[in-house]
Amino acid sequence: MSEEIANTAEPKKVLDIKKLLKSVLAYGSSDLHLVVGSEPQIRIDKELRPLNLAVLSAKDVEEMAYSLIEDKQKKVFEDKNELDFSFELENIGRFRANYYRTIYGIACAFRMIPIDIPTLDQFNNNPIFKELVKKEKGLILVTGPTGSGKSTTLASMLHEINMTERRHIITIEDPVEFVHKNIKSLFSQRDVGENTASFAAALKYSLRQDPDVILIGEMRDAETIGAALTAAETGHLVFGTLHTNSAPGTINRIIDVFDGDEQPQVRAQLASSLVAVISQSLIPRVGGGKVATQEVLITNPAIANLIREDKVHQIYSQMQLNQTETHMSTQTQELLNLLQKKIISKENAIKNSNRPEELQKMIRGL
């Protein structure tokens, strides 16, 4: 692939960022990095690959970076040395961008965002997702590390609602990534920093905006998580994300954000409002591309009781029981299924496993 890129890229032209982004999309990459002292690099199937272009100077990166933003954004960046935003280039695509400073100058990271929102069926998501989005209220969390496809899964779930239900959907993101068109539902999409002061502020006022569904781009702190739990308890379907790697780990993370004297109340709120946790990761396919593994926890009376009684460590065992009836699955079982179908390699399965010893034991037992 590197040779293909080297043979097709146009050398020595790095100053037209729009042309560069367009060419990057043609390679099917997920990210573009501009860093002083390196040629532009793109990420394909989790690996960075350099383009055969000139090594970037501080001036090159600054000119490309500033060509995409307005004076207001430039001022924010110069004040804080950090800038998050999203943008769309006509006839090219939509992107999420982060500008930051290194010891050598400005650096940029661009994430490619599909303009056409995929359906739940396109990426072979668990069929239970279509049932989850029909819920009238509760909290649904999609978790995983950066670059695991959380935003795409959430966008697909909202798209399913949009195609089937007449609901008011408010999204609160930093920045807004997928832009939804009103089909049956009505979307109000808000960009933190541009359209509202913070996640917590937007959540507080969203309850006065007659929402049916609320998407929180990232549940970063106790105030935001507390507001999300309240919204889920008071008759709204709330979607959120966290950077956690497993369903039980997600529950622990939420509880641990709060002080000790607040935790019993949070456990009670979670036990009554949590609908599901979907923890996903992207793993390289054999032959190229990536495939998602999705660990699914769905709250039932047994799970709710374990949360309430501070026995989260027992949830994993509960997830392994009666899965045909509960529709739950563990990451280990998902990885094993992909291995048996020869979709992923043993090396990548173990490398990406949250429980490699358990996975290796099950592989030996096949």
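Remember, predicted model here, so these are calculated numbers, not experimental data. (Residues numbered from 1 in each chain as written. Predicted model: local features only at pLDDT ≥ 70, side-chain atom pairs only at ≥ 80, totals over all residues. Heavy atoms only, no water.)

**What about the overall build of the protein?**
So, point 1. Helix and strand counts for the protein stand at 16 helices and 13 strands.
So, point 2. Relative to its length of 366 residues, the protein is compact, with a C-alpha radius of gyration of 22 Å against a globular reference of 21 Å.
So, point 3. Based on the C-alpha atoms only, the size of the protein along its principal axes is roughly 60 × 55 × 40 Å.
So, point 4. A burial count over the protein gives 49% of its 366 residues as buried. (Helix = DSSP H or I, 4+ residues; strand = E, 2+ residues; numbered from the N terminus. Rg over C-alpha atoms; globule rule 2.2 N^0.38 Å. Buried < 20%, exposed > 50% of the residue type's maximum accessible area, 1.4 Å probe, protein only.)

**Section: the pattern of salt bridges**
So, point 1. Scanning all chains against the criterion turns up 14 salt bridges.
So, point 2. Of the charged contacts in the structure, one is a salt bridge between Glu177 and Arg96, with a shortest N-O distance of 2.6 Å. With Glu177 in the loop between strand S8 (168–173) and strand S9 (186–191) and Arg96 in strand S5 (residues 93–102), this pair connects stretches of sequence that are 81 residues apart.
So, point 3. Residue Arg96 is classed as partly exposed on the basis of its relative accessible area, which comes to 22%.
So, point 4. The shortest N-O distance in the salt bridge between Asp310 and Arg267 comes to 3.9 Å. Note that Asp310 is positioned in the loop between helix H11 (301–308) and helix H12 (315–319) and Arg267 in helix H10 (residues 263–273), a separation of 43 residues in sequence.
So, point 5. Connected through salt bridges with shared partners, the residues Glu136, Glu165 and Arg167 form a single ionic network. (Salt bridge = Lys/Arg side-chain N within 4 Å of Asp/Glu carboxyl O.)

**Topic: the environment of Lys72**
So, point 1. Secondary-structure assignment places Lys72 in helix H4 (residues 71–80).
So, point 2. Sequence-wise, Lys72 and Ile251 are 179 residues apart; in three dimensions their C-alpha atoms are separated by 39 Å.

**Here we look at the pairing of strand S11 (residues 237–242)**
So, point 1. Extensive coverage of S11 is indicated by the burial of six of its six residues.
So, point 2. Here strand S7 (residues 138–143) runs beside S11; their pairing, made up of six bridges, is parallel. Bridging from a neighbouring strand, Ile140 pairs with Phe239 of S11.
So, point 3. Relative to S11, strand S10 (residues 213–216) is paired through four bridges, and the arrangement is parallel. Among the inter-strand pairings, Ile216 is bridged to a residue of S11, identified as Gly240.
So, point 4. The parallel pair S10 and S11, bridged by helix H8 (residues 222–233), forms a crossover whose chirality is right-handed. (Pairing = 2+ DSSP bridges. Right-handed = clockwise from strand over helix to strand, strands pointing away.)

**Observations regarding the packing of H8 against H10**
So, point 1. Axis separation between H8 and H10 bottoms out at 10 Å; the angle between their running directions is 40 degrees. Here H8 lies oblique to H10, going by the angle between them. For the pair H8 and H10, the sense of crossing is left-handed. Along its contact with H8, which presents Leu229, Thr230, Ala232 and Glu233, the element H10 presents Val266, Gln269, Leu270, Ser272 and Ser273.
So, point 2. Taken together, the residues of the contact of H8 with H10 sort by class into four nonpolar, four polar and one charged. (Axes fitted to C-alpha atoms, helices over the stretch in contact; angles between N-to-C directions. Parallel < 35°, antiparallel > 145°, perpendicular 65-115°, else oblique. Left-handed = near helix turned anticlockwise from the far one by under 90°. Contact = heavy atoms within 4.5 Å. Nonpolar A, V, L, I, M, F, W, Y, C, P; charged D, E, K, R; others polar.)

**Details of the sheet that holds S7**
So, point 1. Pairing is mixed across the open sheet formed by seven strands, whose spatial order is S9-S8-S10-S11-S7-S12-S13. Since the sheet does not close on itself, it has two edges, and those belong to S9 and strand S13 (290–298), each with one partner. Each strand axis lies, on average, 15 degrees off the axis of its neighbour in the sheet, ignoring direction.
So, point 2. Pairing analysis gives six bridges linking S8 to S9, with the strands arranged parallel. Its bridge partner being in S9, Ile169 is matched across the sheet by Phe187.
So, point 3. Here helix H9 (residues 247–256) sits on the sheet in contact with S7, S11, strand S12 (274–284) and S13, set at roughly 120 degrees to S12.

**Remarks on the side chain of Ser156**
So, point 1. Relative to the assigned elements, Ser156 resides in helix H6 (residues 150–164).
So, point 2. Judged by relative accessible area, which is 1%, Ser156 ranks as buried.
So, point 3. Once residues lying within four places of it in the same chain are set aside, the contact partners of Ser156 are Ile117, Pro118, Thr119 and Leu120.

**Examining the packing of aromatic side chains**
So, point 1. This model, assessed by the stated rule, comprises six aromatic pairs.
So, point 2. Geometrically, the ring pair formed by Phe77 and Tyr99 is edge-to-face, given 6.0 Å between the ring centres and 75 degrees between the ring planes. In this pair, Phe77 is assigned in helix H4 and Tyr99 in strand S5, connecting sequence segments 22 residues apart. Comparing Phe77 with Tyr99, the two get one shared label, buried. (Phe/Tyr/Trp six-rings, centres within 6.5 Å; stacked < 30°, edge-to-face > 60°.)

**Topic: the side chain of Gln269**
So, point 1. One can find Gln269 in helix H10.
So, point 2. When near neighbours in sequence (up to four residues on either side) are disregarded, Gln269 contacts Leu229, Thr230, Glu233 and Leu274.

**Details of the sheet that holds strand S1 (residues 31–34)**
Hydrogen bonds between backbone atoms are what pair the strands of a sheet, whose relative direction is either parallel or antiparallel.
So, point 1. Sheet architecture is open: six strands sit in the order S3-S2-S1-S6-S5-S4, paired in antiparallel fashion. Looking at which strands have only one partner, the edges of the open sheet turn out to be strand S3 (47–50) and strand S4 (82–89). The mean angle between the axes of side-by-side strands here comes to 25 degrees, regardless of whether they run parallel or antiparallel.
So, point 2. Where S1 meets strand S2 (residues 41–44), three bridges bridge the pair, whose relative direction is antiparallel.

Treat this as a map of the structure, not an account of what it does.
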